[in-house]
Amino acid sequence: KNEVEQSPQNLTAQEGEFITINCSYSVGISALHWLQQHPGGGIVSLFMLSSGKKKHGRLIATINIQEKHSSLHITASHPRDSAVYICAVDNTDKLIFGTGTRLQVFP
Amino acid sequence: DAMVIQNPRYQVTQFGKPVTLSCSQTLNHNVMYWYQQKSSQAPKLLFHYYDKDFNNEADTPDNFQSRRPNTSFCFLDIRSPGLGDAAMYLCATSRGEVDTTYEQYFGPGTRLTVT
């Protein structure tokens, strides 16, 4: 069993829909990261959080430390949100990555 | 803009021919990482530098070496590339302080093809 599990693996949405991607982890962490990777490779850090909730534009990330669970929400999704979203946890100064959620948003 | 730069973006090398990938940063971060990412897989940490201190992952093959001549630059050397080394290589940086976690900033990656 992976130490970081994401669901769903693949997600298709219509433009404007509200999207939720989930991440569960089984190790102790100092922080959890949500990353975005577009086709072509570059990774962008969206959020780093260790408690509560953070919001940036249409993106919201929450974490429940007791339940070892985090969610990434995208409101009013847009085709440019199409990417792979990766959850990664900081464990003893190393990132442990989930396998990613591939999101496609259609107009 | 402060950033992480990787050169080249695409590299083609022949089986067994040494290749060097480079990463530079203008963030003045003291930690630099090299990751290997194969198709549809999560990035895999190869090694990282905390300032000049080199930290190798236990399962990183000896074929992979790294150099960090100064704060700004870090190189990944693949001594004898095999077909299985074809991948995206990602460089990342972060501030590093004991008992404090910081974001990692990723470069755009170098896609390596081995022929």
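The structure under discussion appears in the preceding block.
No experiment lies behind these values; they were computed from the predicted model shown. (Residues numbered from 1 in each chain as written. Chains lettered and ligands numbered in written order. Predicted model: local features only at pLDDT ≥ 70, side-chain atom pairs only at ≥ 80, totals over all residues. Heavy atoms only, no water.)

Participant: Got a sec to walk through the sheet that holds strand β3 (residues 19-25) of chain A? Specific residues and values, please.
Facilitator: Residues and elements named next belong to chain A. Spatially, 5 strands are ordered β1-β3-β8-β7-β6 in an open sheet, and the strand pairing comes out antiparallel. Since the sheet does not close on itself, it has two edges, and those belong to β1 (4-7) and β6 (52-56), each with one partner. Across the sheet, the axes of successive neighbouring strands diverge by a mean angle of 15 degrees, strand direction being ignored. Of the strand pairs in this sheet, β3 and strand β8 (residues 69-74) are connected by 6 bridges, and their pairing is antiparallel. Residue pairing across strands places S24 opposite H69, the latter belonging to β8. (Pairing = 2+ DSSP bridges. Helix = DSSP H or I, 4+ residues; strand = E, 2+ residues; numbered from the N terminus. Axes fitted to C-alpha atoms, helices over the stretch in contact; angles between N-to-C directions.)

Participant: Which residues make up the sheet that holds strand β3 (residues 19-25) of chain B, and what values go with them?
Facilitator: All names here are of chain B. Taken in spatial order, the 4 strands make up an open sheet running β1-β3-β8-β7, and their pairing is antiparallel. Single-partner strands in this sheet number two, and they are β1 (4-7) and β7 (64-67). Between one strand axis and the next, the sheet turns by 20 degrees as a mean value, whatever way the strands run. Looking at chain direction, β1 and β3 are connected through 4 bridges and run antiparallel. Of the residues in β3, the one forming a bridge with I5 is S24.

Participant: A description of the side chain of D77 of chain B should follow, citing residues and the corresponding values.
Facilitator: Residues and elements named next belong to chain B. By secondary structure assignment, the location of D77 is in strand β8 (residues 73-78). Taking the relative accessible area as the measure of exposure, D77 reaches 15% and is therefore buried. Setting aside anything within four residues of it in sequence, one finds D77 in contact with V19, T20, N63, F64, Q65 and R67. (Buried < 20%, exposed > 50% of the residue type's maximum accessible area, 1.4 Å probe, protein only. Contact = heavy atoms within 4.5 Å.)

Participant: Can you tell me about the interface of chain B and chain A, naming the residues and giving the values?
Facilitator: Facing 17 residues of chain B, the contacting portion of chain A comprises 17 residues. Summing the contributions of chain B and of chain A, the shared interface buries around 1,400 Å²; its carbon and sulfur component is 56%. Here chain B and chain A share 1 salt bridge between them. When the shortest N-O distance is used, the salt bridge between E57 of chain B and K94 of chain A registers 2.9 Å. There are 3 residue pairs in polar contact (both at pLDDT 80 or more) connecting chain B and chain A. (Buried area = accessible area lost by both parts, 1.4 Å probe. Salt bridge = Lys/Arg side-chain N within 4 Å of Asp/Glu carboxyl O. Polar contact = N/O pair within 3.5 Å; in protein donor to acceptor, adjacent residues only side chain to side chain.)

Participant: So what's going on with the environment of G57 of chain A? Residues and values would help.
Facilitator: Residue and element names in this part refer to chain A. With respect to the helices and strands, the residue G57 is situated in the loop between β6 and β7 (59-64). Owing to a relative accessible area of 54%, G57 belongs among the exposed residues under this scheme. Between the alpha carbons of G57 and L11 there is a distance of 21 Å; along the sequence they are 46 residues apart.

Participant: Please set out the packing of aromatic side chains residue by residue, giving values where relevant.
Facilitator: Following the criterion strictly, the structure yields 7 aromatic pairs over all chains and no others. Measuring from centroid to centroid gives 5.2 Å for Y49 of chain B and F54 of chain B, while their planes differ by 55 degrees, and the two rings are tilted. Among the residues examined, Y49 of chain B registers a relative accessible area of 7% and is labelled buried. Look at F54 of chain B and you get partly exposed, because its relative accessible area is 39%. Their ring planes at 15 degrees and their centres at 6.3 Å tell us that F73 of chain B and F75 of chain B sit as a pair that is stacked. Among the aromatic residues, those joined into a ring-pair cluster are F97 of chain A together with Y33, Y35 and F106 of chain B. (Phe/Tyr/Trp six-rings, centres within 6.5 Å; stacked < 30°, edge-to-face > 60°.)

Participant: Give a description of the state of the cysteines that names residues and reports values.
Facilitator: Applying the stated rule across the entire model yields 2 disulfides over all chains. In this model C23 of chain A forms its disulfide with C87 of chain A; the gap between the sulfur atoms is 2.0 Å. Linking C23 of chain A and C87 of chain A, the disulfide has an S-S dihedral of approximately -60 degrees and is accordingly described as left-handed. Highlighted residues: C23 of chain A in strand β3 and C87 of chain A in strand β9 (residues 83-91), separated in sequence by 64 residues. Judged on exposure class, the residue C23 of chain A and its partner C87 of chain A are both buried. Each disulfide pairs two cysteine sulfurs, and for C23 of chain B the partner residue is C91 of chain B, the sulfurs being separated by 1.9 Å. An S-S torsion of about -70 degrees defines the bridge between C23 of chain B and C91 of chain B as left-handed. With a gap of 68 residues between them, C23 of chain B in strand β3 and C91 of chain B in strand β9 (residues 87-94) connect regions that are remote in the sequence. Assigned by exposure class, C23 of chain B and C91 of chain B land together as buried. The structure places no disulfide on C74 of chain B, whose sulfur is separated from the nearest cysteine sulfur, that of C91 of chain B, by 6.1 Å. (Disulfide = S-S within 2.5 Å.)

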